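In case you want the letters, here they are:
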Amino acid sequence: MALSLGWHIILACFGVAFPAMIFVMHWRGIRRNDAVALGLAQRWAKTSAVLFAIGAVSGTVLSFEMGLLWPGLMGTFGDVLGLPFAFEGLSFFVEAIFLGIYLYGWGRMPPRRHLLMVVPMAVAGVVGTFCVISVNAWMNAPAGFRIVDGEVVDVDPWRAMFNDLAFLQFLHMWIAAYMVVGFAAAGVYAAGMLRGRRDRHHRLGFIVPFAFATVAALVQPFVGHLLGGNLGDRQPAKLAAFELAETTESPSPLRIGGIYVDGEVKGALDIPYLGSLIAQNSFTAPVPGLDTIPVDEHPPINITHWAFQTMVGIGMLLMLGVLVFWFFRWRGRDLLEHRWFLRCVVAAGPLAVIALESGWIATEVGRQPWIVYGIMRTRDAVGDYSADLWWLLGSTAVVYTALTIGAVVVLRSMTRRWRAGEADLPSPYGPQSRMVDAPEDER
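Every chain is numbered on its own, with residues counted from 1 as its sequence reads. It should be noted that, the model being predicted, local features are given only for residues of pLDDT at least 70 and side-chain atom pairs only at 80 or more, the latter also being counted only at that level, while totals for whole chains, interfaces and linings use all residues. The basis for every side-chain value is the complete set of heavy atoms in the structure, and neither hydrogens nor water enter the calculation.

**So, helix H8 (residues 200-228)**
What counts is decided by this rule: Here a strand is any run of E in DSSP of at least two residues, a helix any run of H or I of at least four, and the numbering for each starts at the N terminus. Any helix carries an expected span of 1.5 Å times its number of residues minus one. Given a residue, its bend is the angle between the two axes fitted to the seven residues that end at it and to the seven that start from it.
The first and last C-alpha atoms of H8 sit 42 Å apart over 29 residues, in line with the 42 Å expected at 1.5 Å per residue. The sharpest bend along H8 reaches about 35 degrees and sits at Gln220, with the proline Pro221 one to four residues further on. A positive backbone phi angle near 65 degrees is found at Asn230, which sits one or two residues after H8.

Now the structure itself:
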């Protein structure tokens with residue numbers, strides 16, 4: 001499940017954020033009669049279609065894994081979680097339908113009507129993501145049911161879907177998607193500029209996704225801070241692991257780096273007061289220590305701590321990077337003329353992906369040993385497959401490796417043909433584009 005979700009979540013980001021970037025680029029092309037912008041919108045849409053098709057495969061695998069790998073969870077709480085999963089399925093179909101209409105609408109629909117086809121595609125991507133994130137938020141803040149004599153009763157699926165953490169956790173993920181897609185797309189054009197392609201196509205292809213990534217990078221630390229509010233009350237073990245708090249201290253320091261070995265913290269750099277300030281919005285409020293939590297409720301501490309710090313560290317680095325770019329631009333200097341900056345942008349895409357994955361590791365591993373916090377332990381939710389699980393893991397790894405190779409091959413092929421001047425890439429089996437080109441007896 002970790003392998004499948006960690007792979008799929010990257011593609012899900014493109015389904016969430018890419019339509020908005022396509023809309024802005026297409027709108028610019030129509031409003032300014034800009035052929036370069038329209039060309040970029042069309043190419044991005046075709047790229048999005050490839051990623052969507054591959055994401056559909058990985059998403060289908062995930063849906064089967066929910067039932068196969070977690071019979072204890074779905075068997076007990078299926079009635080509670082059914083609503084968001086149903087809406088996610090409907091959102092997927094809506095997104096697929098309007099993506100198809102948009103792709104095949106070029107040159108066949110009035111410009112503004114064609115542009116509007118992106119809107120339901122974008123909305124469906126956001127709604128589908130909210131539905132999935134709401135399930136994860138529910139695992140962190142269970143709601144919408146009662147347990148009487150070991151049975152789940154009084155199910156309120158709407159309350160479960162719109163639980164206390166659903167909105168903030170979705171917002172955190174939504175902004176992260178714009179960071180991943182924005183920096184990844186900008187990095188593609190930065191790589192092109194490093195190879196000497198400094199035309200308007202590459203500059204415009206860089207600046208639009210980089211602008212989206214800028215807003216996301218500046219907002220994300222504040223949203224993350226809001227999401228972490230009251231974590232000490234909700235999940236004290238996770239907060240203690242985040243902060244590597246061996247004991248309860250007042251005030252608590254911010255520990256950078258370090259590992260937890262045999263009940264002791266080793267190799268950490270302590271910054272006084274900042275732990276209390278960041279975690280509790282106070283200079284003196286203590287961060288609950290691991291010594292206050294039963295040992296059997298400790299998460300894997302070092303993994304949780306390093307995943308959290310990796311996410312935060314990369315997020316702050318990306319925020320600093322965008323501030324530097326726009327500051328120099330305001331001062332009249334174009335950093336796109338400097339190879340060192342272009343290299344940094346190329347690296348920003350993979351770094352954003354690492355931050356995304358680290359955030360999910362921190363969230364999921366930090367909740368352990370609970371799959372439904374305080375109610376069901378992970379060991380009670382997972383199926384018992386013994387040796388068969390390794391066959392399933394191996395098969396999944398082979399499938400995702402093949403999908404990755406296929407995506408790279410297809411996207412690189414499309415890129416080469418675009419650079420060769422093929423503006424429209426025909427289907428190898430499709431009909432001729434214009435009836436006037438067909439023989440008389442076929443019209």
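From this point on, the discussion continues.
**A few points about the layout of surface pockets**
To keep it simple, the criterion reads: Lining residues are those with an atom within 4 Å of a point, where the points come from a 1 Å grid over the protein atoms alone and group into cavities, where a 1.4 Å probe fits but cannot get out, or pockets, open sets with protein on both sides within 12 Å along at least five of seven lines. Grid points are joined across faces, edges and corners, and a volume is the space filled by probe spheres set on the points. Classification used: nonpolar for Ala, Val, Leu, Ile, Met, Phe, Trp, Tyr, Cys and Pro, charged for Asp, Glu, Lys and Arg, polar for all others including Gly. Residue ranges assigned to each domain were obtained from an automatic or database domain assignment.
Considered as a void within the structure, the second largest pocket measures approximately 1400 Å³ in volume. If you trace the second largest pocket, you find 38 residues lining it, with Thr47, Ala184, Val188, Leu411 and Thr415 closest to the centre. Elements represented by at least two residues in the lining of the second largest pocket include exactly helix H1 (2-31), helix H2 (35-69), helix H7 (166-194), H8, helix H13 (339-367) and helix H15 (388-419). Among the residues making up the lining of the second largest pocket, the classes are represented as 23 nonpolar, eight polar and seven charged. A domain split of the lining of the second largest pocket shows at least three residues from each of domain 1 (1-163) and domain 2 (171-383).

**Comments concerning the nonpolar core**
One broad rule of soluble globular proteins: the nonpolar side chains tend to lie buried together. For clarity, the cut-off: Only buried residues count toward a nonpolar core. Its members are Ala, Val, Leu, Ile, Met, Phe, Trp, Tyr and Cys residues joined through side-chain atoms within 4.5 Å. The cut-offs for exposure are 20% and 50% of the maximum accessible area for each residue type, with area from a 1.4 Å probe on protein chains only; residues under the lower value are buried, those over the upper are exposed, and the others partly exposed. Two residues form a contact once any of their heavy atoms are found within 4.5 Å.
Trp44, Phe183, Phe206 and Phe210 are the most contacted members of the largest nonpolar core, which has 82 residues in total. Top contributing element to this core by residue count: H7, with 17 residues. Composition of this core by domain shows at least three residues from each of domain 1 (1-163) and domain 2 (171-383). For Phe210, the contacting residues outside a window of four places in its chain are Gly182, Phe183, Ala186, Val322, Phe325, Trp326, Phe341 and Val345. With 16 residues, the next largest nonpolar core counts Leu73, Phe77, Trp138 and Phe145 among its residues.

**Details of the packing of aromatic side chains**
Quick note on the threshold: Two rings from Phe, Tyr or Trp (for Trp, the six-membered ring) form a pair when their centres are within 6.5 Å of each other. A pair whose planes differ by under 30 degrees is stacked, one over 60 is edge-to-face, and the rest are tilted.
Across all of its chains, the model carries 30 aromatic pairs by this definition. Taken together, a centroid distance of 5.7 Å and an interplanar angle of 75 degrees make the contact between Phe14 and Phe18 edge-to-face. Linking Phe14 with Phe18, this pair stays in helix H1, spanning four residues, or about one helical turn. Both residues of the pair, Phe14 and Phe18, belong to the buried class. Geometrically, the ring pair formed by Phe77 and Phe145 is edge-to-face, given 5.2 Å between the ring centres and 65 degrees between the ring planes. Pair noted here: Phe77 is in helix H3 (residues 71-104) and Phe145 is in the loop between helix H5 (118-140) and strand S1 (146-148), with a separation of 68 residues, a long-range link.

**Some remarks on the domain arrangement of the chain**
A common way to report how large an interface is uses the accessible area buried once the components associate. Using the following cut-off: Once two parts are joined, some of their accessible surface, as seen by a 1.4 Å probe, is lost; buried area is that loss totalled over both. What counts as a salt bridge is simple: a side-chain nitrogen of Lys or Arg found within 4 Å of a carboxyl oxygen of Asp or Glu.
What the domain assignment reports for the chain is domain 1 (1-163) and domain 2 (171-383). Taken over C-alpha atoms, the centre of domain 1 sits 23 Å from the centre of domain 2. Interface area for domain 1 against domain 2, summed over the two sides, is near 3100 Å², with a carbon-plus-sulfur share of 76%. Between the two partners, domain 1 and domain 2, sit one salt bridge. A salt bridge links Asp34 to Arg200; its shortest N-O distance comes to 2.4 Å. For the side of domain 1 that touches domain 2, the leading source of residues is H1, giving 13 residues. Looking at the side of domain 1 that touches domain 2, its residues break down into 27 nonpolar, six polar and three charged.

**Some remarks on the pattern of salt bridges**
Inspection of the entire model under this criterion finds nine salt bridges. For Arg377, the salt bridge is made with Glu297, and the minimal N-O distance between the two is 4.0 Å. Of this pair, Arg377 sits in strand S8 (residues 376-377) while Glu297 is found in the loop between helix H11 (274-280) and helix H12 (301-330), placing the two residues 80 residues apart along the sequence.

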